[in-house]
Amino acid sequence: MAQDVTAPISEADTLSATAATSLSREERIRQRGITNMAHTFVAKGSWITGANVAYSTHTNENYTFAIVEGINSEGYTFRVSPMVAYAIRNNMALGLRGTYSRSNLTVDSADLKFGDEETGTEINVNKFKTVRHTYTVAAIWRQYIPLGRSKRFAIFNEISLGAGGTESIFAADQPIKGTYEEGYTISLGVSPGIMAFATNDVAIEVNVGVMGINLTDVKQVHNQVANGNRTSSDMNFKVNLLSIGVGVSFYL
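Below or above, wherever it landed, is the structure these notes cover. Predicted, not measured: the structure shown is a model, and the values here were computed from it. (Residues numbered from 1 in each chain as written. Predicted model: local features only at pLDDT ≥ 70, side-chain atom pairs only at ≥ 80, totals over all residues. Heavy atoms only, no water.)

### Observations regarding the pattern of salt bridges
A side chain with one charge can pair with a side chain of the opposite charge if their charged atoms come near.
So, point 1. One pass over the full model with this rule turns up 4 salt bridges.
So, point 2. Residue Arg 142 is joined to Glu 158 by a salt bridge in which the shortest nitrogen-to-oxygen separation is 2.7 Å. One end of the pair, Arg 142, is in strand β4 (residues 121–146); the other, Glu 158, is in strand β5 (residues 153–172), and 16 residues separate them in sequence.
So, point 3. The salt bridge involving Asp 217 is made with Lys 219; its shortest N-O contact spans 3.7 Å.
So, point 4. Members of the salt-bridge network, linked through shared partners, are Arg 97, Arg 142, Glu 158 and Glu 205. (Salt bridge = Lys/Arg side-chain N within 4 Å of Asp/Glu carboxyl O. Helix = DSSP H or I, 4+ residues; strand = E, 2+ residues; numbered from the N terminus.)

This is the structure:
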């Protein structure tokens, strides 16, 4: 005759199961242990200062990209972004961020071709050069999310609302034809990142822009004669690889 070997359910197990079902959604999420907002990662009253730096460069030699052939060019982009903030409560800070970037592009030659050899159109670019400066000041809000109860690693989200200006110079052909542009921009951005404390006061941060809303108004002067104006707005919800920044921050 078969015997029932099922262990009896104790009163303690019953009370534990009842308590688990009575927990709120937030309490059940907290029990996962992935994040713990009750854990203080950045203490209220802390001053935070630091900077992110990004740099990229490229060189093309007889390169072909889609319908553009014979590209011979070189250029670079440099960006530095200092920041200062104050923790108004645990794991939350408000502050200011300034950003300056400079980009330089020189195209010795490039051919833009449409259609076939007989009926197509070809546009040649020779001795083209552009230099662009942008500068922005933004108010920022940061929320730190500890990874479990880790005292070294955390993720954060930074939301910024900023305004700034831009200046650009374009020159091409022989004799040289030049265009000068200046304008202003207003932007709202979201930049999540990850950070790790190297010491009690110094942290390494990596962040990337994933969303941005920008409004730009630019005035243009061509050859010191013709004037123009351009107004544009854009919204994107994608990872901008050019906005990846690596920085060092000090938590005082």
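### Some remarks on the layout of surface pockets
So, point 1. In this structure, the second largest pocket occupies an estimated 220 Å³ of space.
So, point 2. The wall of the second largest pocket is formed by 13 residues, among which Phe 41, Lys 151, Phe 197, Thr 199 and Asn 200 lie closest to the centre.
So, point 3. Considering only residue class, the lining of the second largest pocket consists of 7 nonpolar, 4 polar and 2 charged. (1 Å grid on protein atoms, 1.4 Å probe; cavity = no way out; pocket = protein on both sides within 12 Å on 5 of 7 lines; lining within 4 Å. Points joined across faces, edges and corners; volume = space filled by probe spheres on them. Nonpolar A, V, L, I, M, F, W, Y, C, P; charged D, E, K, R; others polar.)

### Observations concerning the packing of aromatic side chains
So, point 1. Applying the stated criterion across every chain yields a total of 7 aromatic pairs.
So, point 2. Each ring, one from Tyr 144 and one from Tyr 251, has its centre 6.2 Å from the other, and the planes form 70°; the classification is edge-to-face. One end of the pair, Tyr 144, is in strand β4; the other, Tyr 251, is in strand β10 (residues 245–251), and 107 residues separate them in sequence.
So, point 3. Take Tyr 251: its relative accessible area is 5%, and that puts it in the buried class.
So, point 4. Ring pairs connect the aromatic residues Phe 41, Tyr 144, Phe 156, Phe 197 and Tyr 251, which therefore count as one cluster.
So, point 5. Above the plane of the ring of Phe 156 lies Arg 142, whose end atom (NZ or CZ) is 4.2 Å from the centre. (Phe/Tyr/Trp six-rings, centres within 6.5 Å; stacked < 30°, edge-to-face > 60°. Buried < 20%, exposed > 50% of the residue type's maximum accessible area, 1.4 Å probe, protein only. Lys NZ or Arg CZ within 6 Å of the ring centre and 35° of its normal.)

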